[in-house]
Amino acid sequence: MTGSDQIGPLRTSRTVSHRARTMAGRGEVPGPAPFPMTSPRSGWTRPVISPLMGHIAVVGVGYVGLTTGACLAKLGHTVVCGDVDEARVANLSKGEVPIVEAGLDQLVRDGLRSGNLRFVVGAATAAEGAEFIYLCVPTPQGEDGSADLSYIESAAREISSVLEEGAIVVNKSTVPVGSAKVVERVLGRPDVSVVSNPEFLREGSAVHDFLHPDRIVVGADDPNAASRVAALYLGVPAPFIVTDPASAETIKYAANAFLAAKISFVNAIAAVCEAVGADVTDVVLGIGSDKRIGHDFLRPGPGWGGSCFPKDTRALVRIAEDAGYDFDLLRGVISVNSQQHARVVDKIRDAAGGSLDGVVVGVWGLTFKARTDDLRDSPSLAIIEALRREGAVVQGYDPTVERELDGIQLCVDPYEACAGARVLAVLTEWDDFRWIDPEHVGELMSARQVVDARNLLERPAWQRAGFTYQGIGR
Ligand code: UDX
Ligand code: UDX
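A brief report on the enclosed structure follows.

Glancing now at empty space enclosed by the protein. A complete count under the given rule lists two cavities of 30 Å³ or more for this structure. Estimates place the volume of the largest cavity at around 50 Å³. Counting residues per element, the lining of the largest cavity draws most heavily on helix α11 (residues 245–276), which supplies three residues. In terms of residue class, the lining of the largest cavity is built from three nonpolar, four polar and three charged.

A separate point is the site of ligand 2. Within the structure, ligand 2 sits among 18 residues, and Glu203, Arg299, Phe368, Lys369 and Arg454 are positioned closest to it. At 3.2 Å, a backbone N or O of Leu201 approaches an oxygen atom of ligand 2. Within the contact set of ligand 2, an oxygen atom lies 2.8 Å away from a backbone nitrogen or oxygen of Arg299. If ligand 2 stood free it would expose 660 Å²; the protein chains cover 96% of that surface. Looking at the shell around ligand 2, its residues break down into nine nonpolar, two polar and seven charged.

With that settled, the discussion passes to unusual backbone geometry. The phi dihedral of Asp377 is positive, around 50°, even though this residue is not glycine. Mapped onto the elements of the fold, Asp377 is located in the loop between β10 (360–364) and α15 (379–389). Even without being glycine, Asn455 reaches a positive phi, approximately 45°.

The full set close to ligand 1 counts 20 residues, and Val64, Asp83, Thr139, Lys311 and Arg376 are the nearest of them. One nitrogen or oxygen atom from the side chain of Thr139 is found 2.8 Å from an oxygen atom belonging to ligand 1. Relative to its unbound accessible surface of 690 Å², ligand 1 loses 87% to contact with the protein. Considered class by class, the residues forming the shell around ligand 1 number nine nonpolar, six polar and five charged.

Calculation rules
- Residues numbered from 1 in each chain as written.
- Chains lettered and ligands numbered in written order.
- Predicted model: local features only at pLDDT ≥ 70, side-chain atom pairs only at ≥ 80, totals over all residues.
- Heavy atoms only, no water.
- 1 Å grid on protein atoms, 1.4 Å probe; cavity = no way out; pocket = protein on both sides within 12 Å on 5 of 7 lines; lining within 4 Å.
- Points joined across faces, edges and corners; volume = space filled by probe spheres on them.
- Helix = DSSP H or I, 4+ residues; strand = E, 2+ residues; numbered from the N terminus.
- Nonpolar A, V, L, I, M, F, W, Y, C, P; charged D, E, K, R; others polar.
- Near = heavy atom within 4 Å.
- Polar contact = N/O pair within 3.5 Å; in protein donor to acceptor, adjacent residues only side chain to side chain.
- Areas by Shrake-Rupley, 256 points an atom, 1.4 Å probe, with all protein chains shown as cover.

In short, shape yes, function no, at least from these values alone.
This is the structure in structure tokens:
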């Protein structure tokens, strides 16, 4: 929370005072919340100010934790972020942000300057004296597809003995249904509440998504704990959905699975378009204009990737299976995604004349999407791996990737990636690629073949420059 000099007098008149405090810095007039606070749960009323006066601890400062910590500091709270990675903590303490995320550098520097944001080594150091402890450690995919909870469990074990009475542990990481109970058990602290508050942040726009969410979901068995967590977000214009922990945890998986399904659906429609001679761009415009469908997440591409969709869809299949339901639909969504990687490889092979053995392929884009430096489960890397298995030589370029990657000749610019290449493959939708002169690219390549797996390039311009152009679904 903000400095105790401000908190003392304001705490006496609960919610309104808190709104006054969070909005004061921005010159807004406190008033009724503009959005409804939906509660399917009985007993939950509205956000309340906590009886305690501690800070917020964030455990794990990766893509999710760092954004969460910096944004909570921006909202006026005092935040202490703890991480096991000493070098990361030292750099962050100097304002050096280790990831590419729009607006995050500025927020971290502002937080350090104002004193609202600090970085320390270790979960327990951060959690000592904290009122809220956000767990933002990874939940990687286990060997059987289920989510591996070992980092969550070890963080919970580490903080257990230092927690204040009445503190609230908040699960921000994507965790299987029932994990709130697991954390409760590991903590072994009946005087501490565990609340689920899933994140819906997209990398590349995570700061914006945090400060302008579509909704804030809080899952808790204790209505008072739910209200205290909700109060942290007063001033953020979004409806609250307050529910039980299992429902909150399911919302996160269901949202990711639904979005992945939307993309797999459009990728399957793209395949149909290619077979029947339709143009997926027009088809998407036509279906997306139906408000019930909407335009978002209908961009065909090389398949979805990243740190969430691949592992969360598999985990949800597993969660359902363990509960006795065969989630065949979601298996199909995952399978269409793998086929999509393979379809892009087929297009590149066709462009190369039927074989990839010894063929130089220039690749634009390595990250799983644009505006991030994240390579986790990137479709681009899966496709490159398949190209290499067939003997292709891959020259890759990405604006955010500098470190060497196995089996890829990393280039300093998009032109170098095309030098001597027989095929150019556009695998990530970086805007910069859109404006590159196809004539110049053609002069560098040994053949004028382009596979645009993001439908990013201006097709007529590339065709005018003599390229054989293959997009997705058109
Ligand atoms: C997150 C989530 O929390 C995960 O559940 C979600 O599905 C994807 O996003 P993310 O922030 O992307 O993870 O992970 P990452 O960028 O790898 O950062 C994790 C941080 O936690 C790292 O800085 C790591 O050093 C730290 N960490 C890890 C700890 O502090 N303690 C641990 O025990 C493990
Ligand atoms: C996702 C969810 O959107 C977010 O709510 C959750 O908290 C974390 O997982 P993120 O993985 O950062 O966010 O990226 P997102 O924008 O959802 O894209 C995921 C993948 O789908 C990327 O590979 C992207 O290129 C692909 N995608 C997205 C498409 O192929 N087409 C689309 O229309 C949208």
